[in-house]
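For reference, the chains in residue letters:
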Amino acid sequence: MNRFVTAERALRTAAPHELFDAVRRVLTEEYAARSVELYLADYGLTVLQPLSVPPHTAEPVPVHGSAAGRAFGAQEPFVEAFREGLVRVHLPVTVRGDRLGVLSLTLPDGDGASGVLGELADIAEVLGHEIVVAERDTDVYLQARRKDRLTLAAEMQWQLLPGRACSRPEYELGAQLEPAYAIYGDNFDWSATADHLMLYVTNGMGEGIEASLLTNLAINALRNARRAGIAIDDQAALADQAVYAHYQGRCYLSVLMFEFELATGRAKVVDAGSPQLLRLRAGVVEPVAFEAQLPLGMFEETDYVVQEFHVEPGDRLVFVSDGVHAVASPMGETYGDAALNRAITSTRLLPAAEVPRAILRELTGHRGRTVPDDDALVVCLDWHGR
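First things first, this report covers the structure right here in the doc. (Residues numbered from 1 in each chain as written. Predicted model: local features only at pLDDT ≥ 70, side-chain atom pairs only at ≥ 80, totals over all residues. Heavy atoms only, no water.)

Quick look at the sheet that holds strand β8 (residues 171–178) now. Across the sheet, which stays open at both edges, the 6 strands sit in the order β7-β8-β17-β16-β13-β14 with antiparallel pairing between neighbours. Strands with a single pairing partner mark the edges of an open sheet, and in this sheet they are β7 (165–168) and β14 (284–288). Averaged over all neighbouring strand pairs, the angle between strand axes comes to 15°, with direction disregarded. (Pairing = 2+ DSSP bridges. Helix = DSSP H or I, 4+ residues; strand = E, 2+ residues; numbered from the N terminus. Axes fitted to C-alpha atoms, helices over the stretch in contact; angles between N-to-C directions.)

Moving on, we come to the sheet that holds strand β9 (residues 187–192). Spatially, 5 strands are ordered β9-β10-β11-β12-β15 in an open sheet, and the strand pairing comes out antiparallel. In this open sheet, the two strands that pair with only one neighbour each are β9 and β15 (307–310). Adjacent strand axes in the sheet meet at a mean angle of 20°, parallel and antiparallel pairs treated alike. Bridge count for β9 against strand β10 (residues 196–203) is 6 bridges, and the pairing is antiparallel. Looking across to β10, one finds that Asp189 is bridged to Tyr200. Set on the sheet, helix α8 (residues 208–227) makes contact with β9, β10 and β11 (254–261); between it and β9 the angle comes to about 15°. (Contact = heavy atoms within 4.5 Å.)

Let us now look at the environment of Phe309. Here Phe309 is to be found in strand β15. The class for Phe309 is buried, based on a relative accessible area of 9%. With near-sequence residues (within four places) excluded, Phe309 lies in contact with Phe258, Gly265, Arg266, Ala267, Val269, Leu277, Arg279, Val288, Phe290 and Leu317. (Buried < 20%, exposed > 50% of the residue type's maximum accessible area, 1.4 Å probe, protein only.)

For the rest of this paragraph, the subject is the packing of aromatic side chains. Scanning the model with the defined rule gives 10 aromatic pairs in all. Judged by centre distance (5.8 Å) and plane angle (75°), the ring pair of Tyr43 and Tyr181 falls under edge-to-face. Placement of the pair is Tyr43 in the loop between β1 (35–41) and β2 (47–50) and Tyr181 in the loop between β8 and β9, with a sequence separation of 138 residues. Residue Tyr181 is classed as buried on the basis of its relative accessible area of 11%. Among the aromatic residues, those joined into a cluster by ring pairs are Tyr171, Phe258, Phe260, Phe290, Phe309, Phe319 and Trp383. It is Arg88 that lies over the ring of Phe82; its NZ or CZ is 5.8 Å from the centre. Sitting over the face of the ring of Tyr43, Arg145 holds its NZ or CZ atom 4.1 Å from the ring centroid. (Phe/Tyr/Trp six-rings, centres within 6.5 Å; stacked < 30°, edge-to-face > 60°. Lys NZ or Arg CZ within 6 Å of the ring centre and 35° of its normal.)

So this is what it looks like as structure tokens:
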């Protein structure tokens, strides 16, 4: 039987919590691997956390400056010399553009390692898909991603998200939230069909559990309307009614909503609050302003109006919450005045999945302190067109 088929079958028949055992066993028996480690990206995208299975343990490795981190960032297999007669192979574990981690193994040196690199990369891809499915039934992989304990509000927010990246021929998406382990109410959501991409960028109100509950209510109201096939402006209206019915105007939620037509790049937009959009086109960064409408839930039965927008192949769209564009430096300069434009320009060569984290690192330097006062959300959309 083909070795890849053996590996695929082992992963598909393994118990949800035993995927790593299954892949390690196949790689050892079929590919003569001397050691196998699975590293999962932590919530802050700063380290790759080992999935430790006693008696095999490993230390976390940094995303930046490590061999495994190089494979993670470039999304390409990376081979390094290890010891005499051995090499270390690092394989990105990714599902439709969402970067989960890295599978690292030690193999005998020589042409044999390079000859099976394609097969090993395919095995890492199958492993990623199986991890996503297994997370419905086990906490093993979610626990392994944590270098610190999540607050309850952050737990609720991360469970609400669709992923941190997504790619299709027409576009690439990447997003990140900070502080990753104590996020309150900021959120993003996306959904694609054969013809459309729906994207929501949400700026939550309040702190802690109350902020998370508000966001959960609003996002699920939007999803409920979207899944019923309702138009984007009516999605906003129905979510507005749901939030107002519960909070009676005491709490409300800002959201920027897009529905992109994949074939043409035309988009319908509802701007209901404070998230902002900047566009990088032909090397020039410029803010894109829409007619501001009321946040969801501020008043009863608000009507929302669709606006038109067009994106061209090669455009990069960067969406930020007020915890990014409104942050002041120790000297009083607002990040959104000029520093954000510089950060978008300086990261123009990075893939969309890496841009949000890079911009948030720049934000930390601008702020002058590690701990933010507010949630910070960055979403990057690269548009390739059809």
